[in-house]
Amino acid sequence: MENYCNKYLLNLLQNKPVESIESKIKKSISRKKRGELLFPDDFRGLGSSEAVRLALHRLEKEGYVQRVAQGIYARPKISKYAGEVLPTAEEIAMAIAKRDKIRLVPTGTYALSALGLSTQVPMKLVFLTDGAPREIKLGKRSIKLKKTTPKNLSAKGGISRLVIQALREIGKDRLTEEEEAKIMALLKKEDQKDLLHDIELAPVWIQKIMEKSLDNG
């Protein structure tokens, strides 16, 4: 406490005002790329959690940053055609996974959309995770994280893990010939080792469908 007072008095004598947490955070944000997601934990070295939270709230009111979800901020990218562009729900989900060191696997309509099997833009992105279950509101859209078993997160292939979840969403005996043809074409782009590994993780009826992509090399 005594050292802090001495430092404060020294600054006053030198006519140098003590830099606020808000200005320190603003300076830190200015060095980041526009569109990069900002979490309060990014600034924990600059003050207490409450002070950081209040500073971000003030910067939001000032219009320097925008709040994209509870406890998540960003400085929008500037597009010549669209104006301010905030991070997408997908980018937010990936940033949360990176921050929390958790795994995410897209499911349901989102998995279908990611594979091009559906043109529907899902309003709710549902992910299986090994992290805490929760739902994050993003305006009209939302991200839902559903706790699952390690086996459901063990798929290695970026395509094959989506295929497993997409087929779960379509359901047994409801797969059309057109959908199957698209899936086969996608699976042929998957790394063979990853595909063989992931087939073993799928339910038996999905295994039989995925194995067709192995035929004829």
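Since the structure is predicted, the reported quantities are computational estimates derived from the model, not experimental observations.

Asks: Explain the pairing of strand β9 (residues 141-147) here, please?
Replies: On any regular strand, side chains alternate: one points to one face of the sheet, the next to the other face. Taken together, the six bridges between strand β7 (residues 124-129) and β9 define a ladder with parallel strand orientation. Counterpart to F127 in the pairing with β9 is L145. Of the strand pairs in this sheet, strand β8 (residues 134-138) and β9 are connected by five bridges, and their pairing is antiparallel. The residue bridging K137 from the neighbouring strand is S142, located in β9. Counting the residues between successive antiparallel strands, the hairpin from β8 to β9 contains two residues, one of them, G139, with a positive phi of roughly 65°.

Asks: Help me understand the sheet that holds strand β2 (residues 66-69) in this model?
Replies: Strand pairing in a sheet takes place through backbone hydrogen bonds and is either antiparallel or parallel in direction. Strands sit in the order β1-β3-β2 across an open sheet of three strands; the sheet is antiparallel. Each edge of the open sheet is held by one strand with a lone partner, namely β1 (37-38) and β2. For β2 and strand β3 (residues 72-74), the ladder comprises three bridges, and the chain directions are antiparallel. Directly across from Q66, in β3, lies its bridge partner A74.

Asks: Explain the packing of aromatic side chains here, please?
Replies: Evaluation of the coordinates by the stated rule reveals one aromatic pair. Centroid distance Y110 to F127: 5.3 Å. Interplanar angle 70°. Geometry classified as edge-to-face. Remark: F127 occurs in strand β7 and Y110 occurs in helix α5 (residues 108-114); sequence separation between them is 17 residues. Judged by relative accessible area, Y110 falls into the buried class, the value being 13%. Of note, K26 hangs over the ring of Y64, and the distance from its end group to the ring centre comes to 4.9 Å.

Asks: Help me out: how do you make sense of the pattern of salt bridges in this one?
Replies: In total, this model carries 12 salt bridges according to the counting rule given. Between R99 and D100 there is a salt bridge, with the nearest N and O atoms lying 2.8 Å from each other. A residue is classified by how much of its surface remains accessible, and R99, at 34% relative accessible area, is partly exposed. Shared partners join several salt bridges into a network, and the residues in it are R99, D100 and R134.

Asks: Please clarify how the packing of helix α6 (residues 158-170) against helix α7 (residues 177-187) should be interpreted in this entry.
Replies: In a pair of packed helices, the angle between the axes and the distance between the axes together describe the arrangement. For the pair α6 and α7, the least separation of the axes is 10 Å and the interaxial angle reads 165°. As summarised for this structure, α6 and α7 are arranged roughly antiparallel, according to the angle between their axes. The two elements α6 and α7 cross, and the hand of that crossing is left-handed. For the pair formed by α6 and α7, the contact residues are I159, S160, V163, L167 and I170 on the first element and E179, I183, L186 and L187 on the second. The residue makeup of the contact of α6 with α7, split by class, is seven nonpolar, one polar and one charged.

Criteria and cut-off values
- Residues numbered from 1 in each chain as written.
- Predicted model: local features only at pLDDT ≥ 70, side-chain atom pairs only at ≥ 80, totals over all residues.
- Heavy atoms only, no water.
- Pairing = 2+ DSSP bridges.
- Helix = DSSP H or I, 4+ residues; strand = E, 2+ residues; numbered from the N terminus.
- Phe/Tyr/Trp six-rings, centres within 6.5 Å; stacked < 30°, edge-to-face > 60°.
- Buried < 20%, exposed > 50% of the residue type's maximum accessible area, 1.4 Å probe, protein only.
- Lys NZ or Arg CZ within 6 Å of the ring centre and 35° of its normal.
- Salt bridge = Lys/Arg side-chain N within 4 Å of Asp/Glu carboxyl O.
- Axes fitted to C-alpha atoms, helices over the stretch in contact; angles between N-to-C directions.
- Parallel < 35°, antiparallel > 145°, perpendicular 65-115°, else oblique.
- Left-handed = near helix turned anticlockwise from the far one by under 90°.
- Contact = heavy atoms within 4.5 Å.
- Nonpolar A, V, L, I, M, F, W, Y, C, P; charged D, E, K, R; others polar.

Everything listed here is a matter of geometry and, on its own, says nothing about what the molecule does.
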